[in-house]
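# Breakdown of the fold
Here is how the chains run, residue by residue.
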Amino acid sequence: MVCLARVTTGIACLALAATACTSTVAGTASPAPASAGTANADVFAGLNACVVLDQLVQGEGFSPGENKSRRNECGATKPGVSTYGLALDPVQGLREFTETNDSVVRTSVNGRDALQAPIRLGGCAIVVEVGEHARAMVQVALATGPRDPQACVDAHALAEKLEPLLPKPQ
């Protein structure tokens, strides 16, 4: 008797599942809203820092961008003149940058919130907001010296060229 009840219940469930899968709903399909699990997805997925940096400095005499780490960051050198860097960080935002850098100055890049700070070994970094927990950072170091103010002018110009290529803040 117990076996017959299980078989009957199993058949009823199978029939219910089959009919539930065959119904059609009118309308247009749309993606499900982002959940907490997808909120931490890499906003830079599909963007390679070296490809982007090469695009930004094309025709300016820089060596091809070179990634020297496992992270999505890249550096290119113009021999005897400057070194440019680009890091696309899907985990840390502007807040984390202020916590780890002295002399941070608030700025704006094409209307986006950004920060500027000197690089410890010389040069300048501009960090552009991509989201609360995502940022793009450009770095410029000049051969003219570690404290050359032109490094920040050049870094800001590079950030302005980069900004339209970045995902919009979430």
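Model, not experiment: these values are computed from the prediction.

## Quick look at helix 3 (residues 49–56)
Here helix 3 has its buried residues at Ala-49, Cys-50, Val-52, Leu-53 and Leu-56. End-on view of helix 3: buried residues confined to an arc of 160 degrees, all on one side of the axis. On the buried face of helix 3, the contacting elements are strand 1 (73–78), strand 2 (82–89) and helix 5 (150–162). With a side-chain oxygen lying 2.8 Å from the backbone nitrogen of Cys-50, the N-terminal cap of helix 3 falls on Asn-48.

## Brief notes about the confidence of the model for the protein
Summarising the model, the protein shows a mean pLDDT of 81, and 76% of its residues fall at 70 or more. When the criterion is pLDDT under 50, residues 1–38 qualifies, and its contacts beyond four places in sequence or with other chains add up to zero contacts.

## Observations regarding the side chain of Glu-163
Note that Glu-163 resides in the segment after helix 5. Once residues within four sequence positions are removed from consideration, Glu-163 is found in contact with Val-109, Asn-110, Arg-112 and Lys-168.

## With respect to the packing of aromatic side chains
Going through the model one piece at a time under the given rule, you end up with one aromatic pair. Measuring from centroid to centroid gives 4.6 Å for Phe-62 and Tyr-84, while their planes differ by 40 degrees, and the two rings are tilted. With Phe-62 in the loop between helix 3 and strand 1 and Tyr-84 in strand 2, this residue pair connects regions lying 22 residues apart in the sequence. Taken individually, Phe-62 and Tyr-84 each receive the classification buried, so the pair is uniform in this respect.

Basis of the calculations
One numbering rule holds for all chains: residues counted from 1, following each sequence as written. Local features in this predicted model are restricted to residues of pLDDT 70 or higher, and side-chain atom pairs are both shown and tallied only at a pLDDT of 80 or more, whereas totals for entire chains, interfaces and linings draw on every residue. Note that water and hydrogens are dropped before the side-chain values are worked out from all heavy atoms of the structure. Partly exposed describes any residue whose relative accessible area lies between the buried limit of under 20% and the exposed limit of over 50%, with all areas from a 1.4 Å probe on protein chains only and scaled to the type maximum. By definition, any uninterrupted DSSP run of H or I lasting at least four residues is a helix, any uninterrupted run of E lasting at least two residues is a strand, and each is numbered from the N terminus. The arc under discussion is defined with respect to the helix axis, by the directions toward the C-beta atoms. Contacts are residue-level and defined by heavy atoms, with any inter-residue pair within 4.5 Å sufficient. For this analysis, a polar contact is any N or O atom pair within 3.5 Å, provided that within protein one partner can donate a hydrogen and the other can accept it, and provided that sequence-adjacent residues contribute only side-chain to side-chain pairs. On a range of 0 to 100, pLDDT expresses the predictor's confidence in each residue. Ring pairs shown here join Phe, Tyr and Trp side chains whose ring centres sit within 6.5 Å, with only the six-membered ring taken for Trp; geometry is labelled stacked below 30 degrees between planes, edge-to-face above 60, and tilted in between.

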